[in-house]
Amino acid sequence: VCRDITARKQAEQALKQSQEKLGAMFESVTDGISVIDLNGVITEVNQRAVEMHGYNSKNELLRRSAFELVAPRDRGRIANNMRKAIKQGTISGVEYTLLKADGSEFPGELSTSVLKDASGNMVGHITIARDITERKRAEKERRELEARAHLTSRLASIGEMAAGIAHEINNPLT
């Protein structure tokens with residue numbers, strides 16, 4: 001019995017190429033990506049997420065609770081937002097305080113989308129995390145510069161007013 005398996009082999013090759021392409025895209029993203037199951041356990045993560053949280057390998061993050069990567073004070077808020085994401089399908093750009101492996105904190109922005117299987121059943125979440133430390137630092141510097149500019153403007157106004165008063169006092173004296 002002979003069977004032509006050319007079509008099957010071509011389909012397997014196309015599937016392999018598609019998986020490699022998806023894997024390359026997953027790893028090349030500059031934000032951290034985590035796939036989280038319905039129990040809140042990390043099932044997949046890209047290298048950027050590993051680096052962002054200060055771990056050495058993906059295996060250190062896999063099978064951990066995603067809540068371990070969020071500061072305790074934000075865990076209730078993130079749980080509420082996960083419930084919103086389930087209802088809405090996605091939630092974007094929410095700021096949280098995230099944790100590194102050594103326990104230090106950093107500001108992060110998370111976007112979460114519901115992950116569904118081929119039948120449309122929810123199987124978990126895909127979360128994209130962005131380290132916004134530099135943005136927060138730049139915003140702080142901008143606010144400080146604006147405050148200094150405002151103070152300088154007020155001092156200049158006071159100086160002009162003092163010069164005007166001095167001129168008005170000097171005229172009668174002259």
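Residues numbered from 1 in each chain as written. Predicted model: local features only at pLDDT ≥ 70, side-chain atom pairs only at ≥ 80, totals over all residues. Heavy atoms only, no water.

*Asks:* An account of the sheet that holds strand 2 (residues 42–45) is requested, with residue identities and associated values reported.
*Replies:* Ordered by their spatial adjacency, five strands build an open sheet running 2-1-5-4-3, and the pairing between neighbours is antiparallel. At either margin of the open sheet sits one strand with a lone partner, and together these are strand 2 and strand 3 (90–99). Across the sheet, the mean angle from the axis of one strand to that of its neighbour is 30 degrees, orientation sign disregarded. In terms of strand pairing, strand 1 (residues 32–37) meets strand 2 through three bridges, oriented antiparallel. From the neighbouring strand, Ile36 faces strand 2, where its bridge partner is Ile42. Those strands touched by helix 4 (residues 133–173) are strand 3, strand 4 (105–116) and strand 5 (122–131), and its axis lies near 130 degrees from that of strand 4. (Pairing = 2+ DSSP bridges. Helix = DSSP H or I, 4+ residues; strand = E, 2+ residues; numbered from the N terminus. Axes fitted to C-alpha atoms, helices over the stretch in contact; angles between N-to-C directions. Contact = heavy atoms within 4.5 Å.)

*Asks:* Any chance you could break down the packing of aromatic side chains for me, citing the residues and the numbers?
*Replies:* The geometry of two aromatic rings is summed up by the distance between their centres and the angle between their planes. The final tally for this structure, using the stated rule, is zero aromatic pairs. Sitting over the ring of Phe106, Lys100 keeps its end group 4.8 Å from the ring centre. (Phe/Tyr/Trp six-rings, centres within 6.5 Å; stacked < 30°, edge-to-face > 60°. Lys NZ or Arg CZ within 6 Å of the ring centre and 35° of its normal.)

*Asks:* Break down the pattern of salt bridges for me, citing the residues and quoting the values.
*Replies:* Pairing of side chains with opposite charge becomes possible as their charged atoms draw close. Under the defined criterion, the tally for this structure stands at 15 salt bridges. The shortest N-O distance in the salt bridge between Glu12 and Arg8 comes to 3.5 Å. With Glu12 and Arg8 both in helix 1 (residues 6–28) and four residues apart, this pair spans about one turn of that helix. Between Arg137 and Glu134 there is a salt bridge, and its shortest N-O distance comes to 2.7 Å. Taken together, the positions of Arg137 and Glu134, both in helix 4 and three residues apart, correspond to about one turn of that helix. (Salt bridge = Lys/Arg side-chain N within 4 Å of Asp/Glu carboxyl O.)

*Asks:* Quick rundown of a nonpolar patch on the surface? Include the residues and the values.
*Replies:* Taken together, the side chains of Met161, Ile165, Ile169 and Leu173 make up a nonpolar region of the molecular surface, amounting to roughly 440 Å² of accessible area. Here Leu173 is to be found in helix 4. Since its relative accessible area comes to 68%, Leu173 is described here as exposed. (Patch = residues over 30% accessible without salt bridge, like charges linked within 9 Å, V, L, I, M, F, W, Y side chains within 5 Å. Areas by Shrake-Rupley, 256 points an atom, 1.4 Å probe, with all protein chains shown as cover. Buried < 20%, exposed > 50% of the residue type's maximum accessible area, 1.4 Å probe, protein only.)

*Asks:* I'd like a rundown of the side chain of Asn46, residues and numbers included.
*Replies:* Inspection of the secondary structure puts Asn46 in the loop between strand 2 and helix 2 (47–52). Overall, Asn46 belongs to the buried group, its relative accessible area being 0%. In this structure the side chain of Asn46 is engaged in a polar contact, spanning 3.1 Å, whose partner is the backbone oxygen of Asp31. Among residues more than four places away in sequence, those in contact with Asn46 are Phe26, Glu27, Val29, Asp31, Gly32, Ile33 and Lys58. (Polar contact = N/O pair within 3.5 Å; in protein donor to acceptor, adjacent residues only side chain to side chain.)

*Asks:* I'd love a proper account of the nonpolar core, names of residues and values included.
*Replies:* By size, the foremost hydrophobic cluster in this structure holds eleven residues: Met52, Val70, Ile78, Ala85, Ile91, Val94, Tyr96, Leu98, Phe106, Leu110 and Ala129. Mapped onto this core, the elements with two or more residues apiece are helix 3 (75–88), strand 3 and strand 4. Considering each element in turn, this core owes the most residues, four residues, to strand 3. Val70 has contacts with Arg75, Ile78, Thr97, Leu98 and Leu99, leaving out every residue within four places of it along the chain. Membership of the second largest hydrophobic core comes to ten residues, among which are Ile42, Val45, Ala66 and Leu69. (Core = buried A, V, L, I, M, F, W, Y, C linked by side-chain atoms within 4.5 Å.)

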